[in-house]
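Residue-level listing of the chains:
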Amino acid sequence: MNAPVVLDPRRCAPDTHVVTTHLPVPGLGLLPVNAFVLRAAEPVLVDLGVTALGGDFASAFAKAVDLEEVRWIWLTHTDHDHVGALDALLAAAPRATLVTTFLGLAKLGLRGPLPAERTRLLAPGERLDVGDRRLLALRPPTFDAPETTGLLDERTGALFCADSFGAPLGAPAERAEDVPVGSLAEGIAAWAGIDAPWLGLTSAGAFEAALEQTRALSPAAVLGSHLPPAGGAMLPALIEALSDARAALASATPAAAACP
Ligand SMILES: [Fe+2]
Ligand SMILES: [Fe+2]
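Here's a quick rundown of the structure. Because the structure is predicted, anything quoted here is derived from the model rather than measured. (Residues numbered from 1 in each chain as written. Chains lettered and ligands numbered in written order. Predicted model: local features only at pLDDT ≥ 70, side-chain atom pairs only at ≥ 80, totals over all residues.)

Description of the overall build of the chain
Counting secondary structure elements, the chain contains 7 helices and 13 strands. Taken against the 2.2 N^0.38 rule, which gives 18 Å for 260 residues, the C-alpha radius of gyration of the chain at 17 Å falls within 12% of a compact globule. Principal-axis analysis of the C-alpha atoms gives the chain an extent of 50 × 40 × 35 Å. Counting the 260 residues in the chain, one finds 46% classified as buried. Taking as baseline every contact in the chain between residues at least 6 positions apart, the subset at least 24 positions apart corresponds to 62%. (Helix = DSSP H or I, 4+ residues; strand = E, 2+ residues; numbered from the N terminus. Rg over C-alpha atoms; globule rule 2.2 N^0.38 Å. Buried ≥ 20, exposed ≤ 12 C-beta atoms within 10 Å, placed from the backbone. Contact = placed C-beta atoms within 7 Å.)

Encoded structure:
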């Protein structure tokens, strides 16, 4: 297996480029790891890639935006596949402010002190004004870290959904639409079991309410951290796959675990 490579930025939605690498998941395939460059009036980076490849992610971002112009670094959460280029970007993007939650800031603080003037706390339901649009912070339907905060670009309708709808795949794909629906659903089920095993403890009704919140956003694009970029028309299939994954996990979850 060759070492993971960080690919050059690709346009994936209006004003939006994706920077991707693929990580091998033994027995399951390749997991895309995406970070995004949003060329708003005040440019935004959404996540910063894999820690072991942080310098490569920083170099790739620089091909899509002048790093000195970056104003915001939105960290959906603090896992090592989302904060990779943090140290490099804090140095290379001196005007950038980190956007995270209260818990996210606390967890980032464990790496070392962050200057207060370079952080902005934002909770789900709040918005960040980036000059020519507002970004709505939201909680995606699944997550593996409680600080997880996705976002909706209210100008383009692009939904950045963090780890939700992630899927290891048999081969890299530029678009989710290029992956056979059955393979995509298998990948989403496998990833949900790994990344959000708590899903099997939820009721169908409670999880459907969470999915309905996502459905109600009517996103024009679904930009997941671990899914090839998808058009909004893919959302019903993605939701169905995640709903089916919940049902499968629930049926496999021992009753004693579900009812302590
Ligand atoms: Fe994660
Ligand atoms: Fe992740």
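Here we look at the sheet that holds strand β6 (residues 97–100)
Here 7 strands make up an open sheet; going across it, the order is β1-β2-β3-β4-β5-β6-β7 and the pairing mixed. Edge positions in the sheet fall to β1 (10–13) and β7 (119–121), since each of these pairs with one other strand and no more. When the angles between neighbouring strand axes are averaged without regard to direction, this sheet yields 30°. When strand β4 (residues 44–46) meets strand β5 (residues 72–74), the two strands line up parallel, connected through 3 bridges. In the sheet register, V44 faces β5, and the bridge partner there is W72. (Pairing = 2+ DSSP bridges. Axes fitted to C-alpha atoms, helices over the stretch in contact; angles between N-to-C directions.)

Nothing here speaks to function; it is all geometry.
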